[in-house]
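Architecture and fold: a report
Letter by letter, the chains look like this.
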Amino acid sequence: MGSAWLATAGIIARMTTPLPFKAILWDMDGVLVDTFDTHFRAWSRIFAELDHPFTLDDFRRTFGMNNRSILKTLLGVDLPEADFQSVSDRKEVYFRESVRGITRFLPGVAEWLERFESLGLPQAVASSAPPENISALLNELHAHRWFSAVVSGAKLSGKPDPAVFLLAAQQLSVSPADCLVIEDAVPGVEAAKRGGMRCIAVLTTNPPEALQQADLIVPDLTHLTLEHLTQLTNKRSSLADSR
């Protein structure tokens, strides 16, 4: 499987080894919540309005980017600022209208939010989404209490640039090298690694072969154990030695 490690289900281990990180940075869409279909429908409406083709493959390969990066990638040009803001705002209105009352944590998320908190690890949301979307979803989930920082990358350089993760680390007063990122998207995993952070990838959005830059791949967070986390520190070197 290359450099990544696909974990299987296991029993949570007793904490006997220090964890090799000091803070948790959560992506939101596809990690905290499954918003794949709602985002796809919102973008489908937008590209229909723009009379521009838009496929599931287009959506999948840009999932995790911010709106500016998505539109530039798929349209091939930078929209004038006023047009970009109009299109972006309209898309997010469509999205927020569709998530009310149906938002739920993905499997294992609530349990790990509690576990990380009990271990004294500060946690942040670090998402490409606009702040209004982040706030709407966290309100739906009643999840604000777990996060010491909430960072939107909507106006930063988009993933795979690590800007949103670096800002989240700064707001937690933790070195990037001491952060663990949880991601689902290819640009997000790349951003975490560019930022010098460890990264767990969940298979909400992409197959494992697309996420090989991650340090650990799990089907979902119900498959994650403390033993897996303690092994993140030496996994890369041990895999390299075994080749």
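Because the structure is a prediction, the values reported are computed rather than measured.

Concerning the overall build of the chain
Scanning the chain from terminus to terminus reveals ten helices and six strands. Across the chain, the fraction of contacts at a sequence separation of at least 24, relative to all contacts at a separation of at least 6, is 68%. Summing over all exposed atoms, the chain offers an accessible surface of approximately 10900 Å²; the carbon and sulfur share of this is 52%.

Brief notes about the pattern of salt bridges
Once the charged atoms of two side chains with opposite charge are near each other, the side chains can pair. Taken as a whole and assessed by the stated rule, the structure comprises eleven salt bridges. D178 is the partner of K22 in a salt bridge, and the nearest nitrogen-oxygen pair spans 3.8 Å. You can see K22 sitting in the segment before β1 (23-26) and its partner D178 sitting in the loop between α7 (163-172) and β4 (179-183), a full 156 residues away along the chain. Here K72 ties to D78 by a salt bridge, and the two come within 3.6 Å at their closest N and O atoms. Through salt bridges with shared partners, a single ionic network connects D27, K159 and E183.

Details of the packing of aromatic side chains
Under the defined criterion, the tally for this structure stands at eleven aromatic pairs. Their ring planes at 70 degrees and their centres at 4.7 Å tell us that F36 and F59 sit as a pair that is edge-to-face. Of this pair, F36 sits in helix α1 (residues 36-49) while F59 sits in helix α2 (residues 56-62), placing them 23 residues apart in sequence. Its relative accessible area of 3% is what places F59 among the buried residues.

Considering the nonpolar core
If you look at the biggest cluster of nonpolar residues, it comprises 51 residues, and the most contacted ones within it are W26, L32, F147, L221 and L229. Formed by 23 residues, the second largest nonpolar core is a distinct cluster that contains V151, V164, M197 and A214.

Looking at the sheet that holds β1
The strands making up a sheet associate through hydrogen bonds between their backbones, and the pairing can be parallel or antiparallel. Strand order in this open sheet of six strands is β3-β2-β1-β4-β5-β6, and the pairing throughout is parallel. The two strands at the open ends of the sheet, each matched to only one other strand, are β3 (149-152) and β6 (216-218). Shown here is a sheet whose adjacent strand axes are inclined to one another by a mean of 20 degrees, direction ignored. Examined bridge by bridge, β1 and β4 share four bridges and lie parallel to one another. Considered in β4, the bridge of A23 is made with C179.

So, the confidence of the model for the chain
For the chain, per-residue confidence averages 89 on the pLDDT scale, and residues scoring 70 or more make up 89% of the total. Counted against residues more than four places away or in other chains, residues 8-14, with its pLDDT under 50, gives 13 contacts. For residues 234-243, every residue scores under 50 in pLDDT, and the model assigns this stretch 15 contacts once sequence neighbours within four places are set aside.

Cut-offs and rules
- Residues numbered from 1 in each chain as written.
- Predicted model: local features only at pLDDT ≥ 70, side-chain atom pairs only at ≥ 80, totals over all residues.
- Heavy atoms only, no water.
- Helix = DSSP H or I, 4+ residues; strand = E, 2+ residues; numbered from the N terminus.
- Contact = heavy atoms within 4.5 Å.
- Areas by Shrake-Rupley, 256 points an atom, 1.4 Å probe, with all protein chains shown as cover.
- Salt bridge = Lys/Arg side-chain N within 4 Å of Asp/Glu carboxyl O.
- Phe/Tyr/Trp six-rings, centres within 6.5 Å; stacked < 30°, edge-to-face > 60°.
- Buried < 20%, exposed > 50% of the residue type's maximum accessible area, 1.4 Å probe, protein only.
- Core = buried A, V, L, I, M, F, W, Y, C linked by side-chain atoms within 4.5 Å.
- Pairing = 2+ DSSP bridges.
- Axes fitted to C-alpha atoms, helices over the stretch in contact; angles between N-to-C directions.
- pLDDT = per-residue confidence, 0-100.

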